[in-house]
Amino acid sequence: MNKLEQLLGLAKVYVSFRRQEIVSKAMPVRLWIEPTSWCNLRCPYCPQAVPEQPPRGYMDLGLFEKIVDEARGFVYDVNLTHRGESTFHKELCEMVRLCRQRGIKTRIHTNATILNQERVERLLDAAPDLLSFSFDGYDKETYERNRVNGKFEKTLAHIEDFLRRRKERQLEKPFTIFQVIEMEDMKTPEQRAKGVALEEHLRSLGLDKFYRKRLHNWAGHVTVEDDVTWAEGMGRGYVPCTFPWYAMTIFWDGRVSPCPQDYFEDIILGDCRTQTLPEIWNGEPMRRLREEMASRRFPEGHLCPGCDRLCQKAVAGVPVGNLKPFLTENLLGYEWIRSLVKN
């Protein structure tokens, strides 16, 4: 996909979203594809810690290739992650290669706990466009309380090794992000100072971006301080979710959900094993969801009203949330962002 095709796709998505089209004239520009739902951590603020879990498994490479074949020409990038730790999938690097062959960029989000030397070299060889390290703590005590089953020194060493090897090999890819969900106990002056020191250390190894973010409520499945749900926030300004007009999430078994907040598979739009992406995109379940989102009327027990993403500030009718990074990544590209940070 060239830059002009990409921009036209984004423009169509924006128009379709603003018009609240039930049958969208645009196609999705981003996918979340779940290589596996298995995760080795049990973070208390993640649904992975809930005892009752959906069936776990690994995506078949043939199914993955079918999906990206159908996505060619309208999907700009694929997040190779969702509920599980993607680096457990033995063919993750092949998934990156298959996407690149079809002109689709790739993004991987990892907890970095199993990034041994072999996996580091394979990932660097595969060259995903973006690799994000999820690491919620500035010291051993905080990290291991937030990242249950994780080991602070070991995991940090994996990230350091990855950054050093990328620097030694003088590679441009992947663009690297160190992501921290800042809990309340991480906002003290002492913790903030540790965070600054950690950021300076990782940037010295070539890290591109240190990203602090707030916890979201996984569509009501996780309790978050100062959480504002749809029901509470209607008086403060309801903003329709953008996901039904720009993206889809595909579970490891091929079933499709509208967004990565749907952890427990509450909203199933179709199945990639028996349907094509265009069929699912404007199929009856998706049309119904768009109508509910546009009309602000959801049936009892629906997943979306519990989500904190329906109550956000908006610019030009679009939720602010992740608008800035989405536009810079799509319009400018990671190389431009890296050069801007360095200058």
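1. Topic: helix α2 (residues 61-71)
Listed in full, the buried residues belonging to α2 are L61, L63, F64, I67, V68, E70 and A71. If you follow the buried residues of α2, they end up packed against β1 (30-33), α3 (92-101), β7 (247-250) and α10 (277-281). Two to three positions downstream of the cap, the backbone nitrogen of G62 sits 2.9 Å from a side-chain oxygen, assigning the N-cap of α2 to D60. Positive phi shows up at G73, right after α2, with a value of about 100 degrees.

2. Quick look at the sheet that holds strand β2 (residues 77-79)
Spatial strand order, β6-β5-β4-β3-β2-β1-β7-β8-β9: nine strands in an open sheet with mixed pairing. Unpaired on one side and paired on the other, β6 (209-213) and β9 (270-271) mark the two borders of the sheet. Sheet analysis places strand β4 (residues 130-134) next to strand β5 (residues 175-181), joined by five bridges and oriented parallel. Opposite F133, over in β5, you have F178 as the bridge partner. Running at roughly 175 degrees to β1, α2 makes contact with β1 and β7 of the sheet. The strands touched by helix α6 (residues 152-168) within the sheet are β4 and β5, with β5 carrying the most contacts at an inclination of about 160 degrees.

3. A word on helix α1 (residues 3-19)
Between its terminal C-alpha atoms α1 stretches 24 Å, which fits the 24 Å expected from 17 residues at 1.5 Å a residue. Residues Q6, G9, L10, V13, S16 and F17 constitute the buried set of α1. Here the buried residues of α1 occupy an arc of 130 degrees about the axis, which is enough to place them on one side. Across α1 from its buried face, at more than 90 degrees, point the exposed residues L4, K12 and R19.

4. Describing the environment of L41
When you line up the elements, L41 lands in the loop between β1 and α2. Looking at L41, the relative accessible area reads 2%, which means it is buried. Once residues within four sequence positions are removed from consideration, L41 is found in contact with Q48, N111, T113, R147, V148, N149 and G150.

5. Some remarks on the side chain of R102
Note that R102 resides in the loop between α3 and β3 (105-110). A polar atom in the side chain of R102 sits 3.4 Å from the side chain of Q101. With sequence-adjacent residues up to four places away left out, R102 is seen in contact with E65, V68, D69 and R72.

6. Observations concerning the pairing of β3
In the sheet, β2 pairs with β3 via three bridges, with the strands oriented parallel. Along β3, the bridge assignment pairs N79 with R107. As judged from the four bridges shared by β3 and β4, these two strands associate in the parallel manner. Of the residues in β4, the one forming a bridge with I108 is L131. Handedness of the crossover is the feature at issue here: the chain leaves β3, passes through helix α4 (residues 117-126), returns alongside β4, and the resulting connection is right-handed.

7. Quick notes on the nonpolar core
Core analysis: the largest hydrophobic core is formed by 84 residues, its most contacted members being L31 and F178. Those residues in contact with F178 that lie beyond four places of it in its chain are F133, F135, I159, L198, L202, L207, K209, F210 and Y211.

8. Some remarks on the confidence of the model for the chain
Overall, the prediction assigns the chain a mean pLDDT of 89, with 87% of residues at 70 or greater. Counting interchain partners and residues more than four positions distant, the pLDDT-below-50 stretch residues 227-235 has 24 contacts.

9. With respect to the pattern of salt bridges
As enumerated under the stated definition, the model contains 33 salt bridges in all. Residues R166 and D208 are paired through a salt bridge, measuring 2.9 Å at the closest nitrogen-oxygen approach. Of the two residues, R166 sits in helix α6 while D208 sits in the loop between α7 (189-204) and β6, which places them 42 residues apart along the sequence. Here R166 falls in the buried class, since its relative accessible area comes to 6%. Relative accessible area serves as the criterion here: at 4%, D208 is assigned to the buried category.

10. A word on the environment of V13
With respect to the element layout, V13 can be found in helix α1. The spacing of V13 and A247 is 234 residues in sequence and 9.7 Å in space, taken between C-alpha atoms. Residues contacting V13, with those up to four places away along its chain left out, are A26, M27, V29, W245 and Y246.

11. Description of unusual backbone geometry
For the bond from K173 to P174, the omega torsion is 0 degrees, close enough to zero to count as cis. Within the secondary structure, P174 sits in the loop between α6 and β5. Within the chain, A112 stands out as a residue other than glycine whose phi angle is a positive 65 degrees. Along the chain, the position of A112 falls in the loop between β3 and α4. Positive phi is not limited to glycine here, since A127 has a value of about 60 degrees.

Calculation rules
Residues numbered from 1 in each chain as written. Predicted model: local features only at pLDDT ≥ 70, side-chain atom pairs only at ≥ 80, totals over all residues. Heavy atoms only, no water. Buried < 20%, exposed > 50% of the residue type's maximum accessible area, 1.4 Å probe, protein only. Helix = DSSP H or I, 4+ residues; strand = E, 2+ residues; numbered from the N terminus. Contact = heavy atoms within 4.5 Å. Polar contact = N/O pair within 3.5 Å; in protein donor to acceptor, adjacent residues only side chain to side chain. Pairing = 2+ DSSP bridges. Axes fitted to C-alpha atoms, helices over the stretch in contact; angles between N-to-C directions. Expected span 1.5 Å × (residues − 1). Arc of directions from axis to C-beta. Right-handed = clockwise from strand over helix to strand, strands pointing away. Core = buried A, V, L, I, M, F, W, Y, C linked by side-chain atoms within 4.5 Å. pLDDT = per-residue confidence, 0-100. Salt bridge = Lys/Arg side-chain N within 4 Å of Asp/Glu carboxyl O.

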